[in-house]
Amino acid sequence: MRIEHLRQRLQSLGANPRHTQRVLRLWSQALPQGSGRRELTHFLPATLVAALPALTDELAGLARLQSQHPGDDGSARLLVALADGQTVESVLLPRDGLCVSTQVGCAVGCVFCMTGQGGLIRQVGSAEIVAQVALARTLRPVKKVVFMGMGEPAHNLDNVMEAMDLLGTVGNIGHKQLVFSTVGDPRVFEALPLARVKPALALSLHTTKAELREQLLPRAPRMTPDELVDAGERYARATGYPIQYQWTLLAGINDGDDEIEGLVRLLHGKYAILNMIPYNTVDDLPYRRPSWEEAADMARRLHRRGILTKLRQSAGQDVEGGCGQLRARAEKPGRRIVPIQPAPLNAASAAVTSS
C-alpha cells in the first residue's frame, strides 16, 4: 500500500484534507485514532468514523512483529512480517533511533551483504515503510529514522520519498533525523534537493578505487568514488548537513595504506563524516573483518590526517549481525552468525560509537 492510495481511500470515505492528516498523524505516531478530548463523531464524517476500526486493523497488519532480538547495547533487531507474508528487518537503535527496510531483498548485490545474496523480491510500499515506524513506536519512542535496512532506497525512490515526506511532517521526525542511505544514484541527487522534506544523506563508499567498487557493488550505478563525493558535497553544502560516508571494513581488501591515502585525497576539506564499520563475518561469505585494534589504528590515522572518522560497531551485532542475516536465519535456522567482539579503544583520536 502507498500513502497516496490511503489518502484516496480516506477521501472516498468523506475525509477532507484536515481529517486525512489527522488519521495519518495518529497512525504514524502510533496513537489511537480516538485520541483527544472530543468525540470522533463531533468532527469526523460518519462514514469515516464507521470505517476507522477496520482501517486501523488493516494499517496494523501492514507490519507485524514476528520476532524481537534485544542486544546488549540497547538495540533490538525486529523481524517484521508484511501483509503478504514476506519479511523485512527493522532495528531499534540506542538513543531513540530506528533503521527501516525499503525493499524485500536488494538488487545491488553487494558481495559482502547477506541481503543482496537473494536478489530483489519486491519493493516495500510507502505505507509499509511508515508502518515499520508505527510498529516500532509501540515498543519505544522513535525520534530518528534511518533508511539503512534491507534494500537500496534509490531503487524505490518514489515510495521512500513519500514515506519521508509523511514522517518529516505529521510523523514528527526532524528532517535532519531522517537519513537516506544509498550506494549512489544520479536520481537521488536530482530528487532530494527538490523535496519538501530534505533528509541527511549517507553514501556507501567502501573503497576509493573505481574498479574495486564495481567488484564490491556489482549492480550499483556506475558512479566513481570521485563522482559520488562530488555529488555528495554539493548536497551537503546546499542543505547544511554533512554527508555520512559509509565504509564497511573488509580485511585485506579496503583497509590498506592505499585506501587511507585515497580517503585523504577524496574527503579532506569536505563537509563529511566517515563512518567505518568492521565487517560482521558470515560463514557463507568469503570475507572477514579486521581486528578491532587494526580498525582503530586505521581510524586514528585518518583522524590525524584531518578526516573526521567514527569507528562504529553496527548496532545489535550480538543478535544476528548485519542487515539480512536475521531474515536469512529465520529461513535457514542452521545458519551461524559470528558477531564482532571489540576491544577497548584507548586513544581518543577516533570516535567509537554505535550506529
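This structure is a prediction, so every number in the text was calculated from the model and none was measured. (Residues numbered from 1 in each chain as written. Predicted model: local features only at pLDDT ≥ 70, side-chain atom pairs only at ≥ 80, totals over all residues. Heavy atoms only, no water.)

Concerning unusual backbone geometry
- Of note, the phi angle at Asp 96 is positive, near 65°, even though the residue is not glycine.
- With respect to the helices, strands and loops of the structure, Asp 96 is situated in the loop between strand S3 (87–93) and strand S4 (97–99).
- The backbone of Asn 172 sits at a positive phi, close to 65°, despite the residue not being glycine. (Helix = DSSP H or I, 4+ residues; strand = E, 2+ residues; numbered from the N terminus.)

Things to note about the pairing of strand S7 (residues 144–147)
- Bridge analysis of S4 against S7 gives 3 bridges, and the strand direction is parallel. Bridge pairing links Leu 98 to Val 145 in S7.
- Two elements, S7 and strand S8 (residues 178–182), share 3 bridges in a ladder whose sense is parallel. In the sheet register, Val 146 faces S8, and the bridge partner there is Val 179.
- On the question of chirality, the crossover connecting S7 to the parallel S8 by way of helix H5 (residues 157–167) is right-handed. (Pairing = 2+ DSSP bridges. Right-handed = clockwise from strand over helix to strand, strands pointing away.)

Notes on the confidence of the model for the protein
- Of the residues in the protein, 88% have a pLDDT of 70 or more, and the chain-wide mean is 88.
- Counting contacts from residues 333–355, a segment whose pLDDT is below 50, to residues more than four positions away or on other chains yields 60 contacts. (pLDDT = per-residue confidence, 0-100. Contact = heavy atoms within 4.5 Å.)

Description of the packing of aromatic side chains
- Scanning the model with the defined rule gives 2 aromatic pairs in all.
- Taking the centre distance of 6.5 Å and the plane angle of 85° together, the rings of Phe 112 and Tyr 279 count as edge-to-face. Separated by 167 residues along the polypeptide, Phe 112 in the loop between strand S5 (103–105) and strand S6 (120–123) and Tyr 279 in the loop between strand S11 (272–278) and helix H10 (292–304) bring together distant segments of the chain. We note that Phe 112, like Tyr 279, is buried.
- Judged by centre distance (6.3 Å) and plane angle (85°), the rings of Tyr 279 and Tyr 287 are edge-to-face.
- Put simply, the rings of Phe 112, Tyr 279 and Tyr 287 touch in pairs and so form one group of aromatic residues. (Phe/Tyr/Trp six-rings, centres within 6.5 Å; stacked < 30°, edge-to-face > 60°. Buried < 20%, exposed > 50% of the residue type's maximum accessible area, 1.4 Å probe, protein only.)

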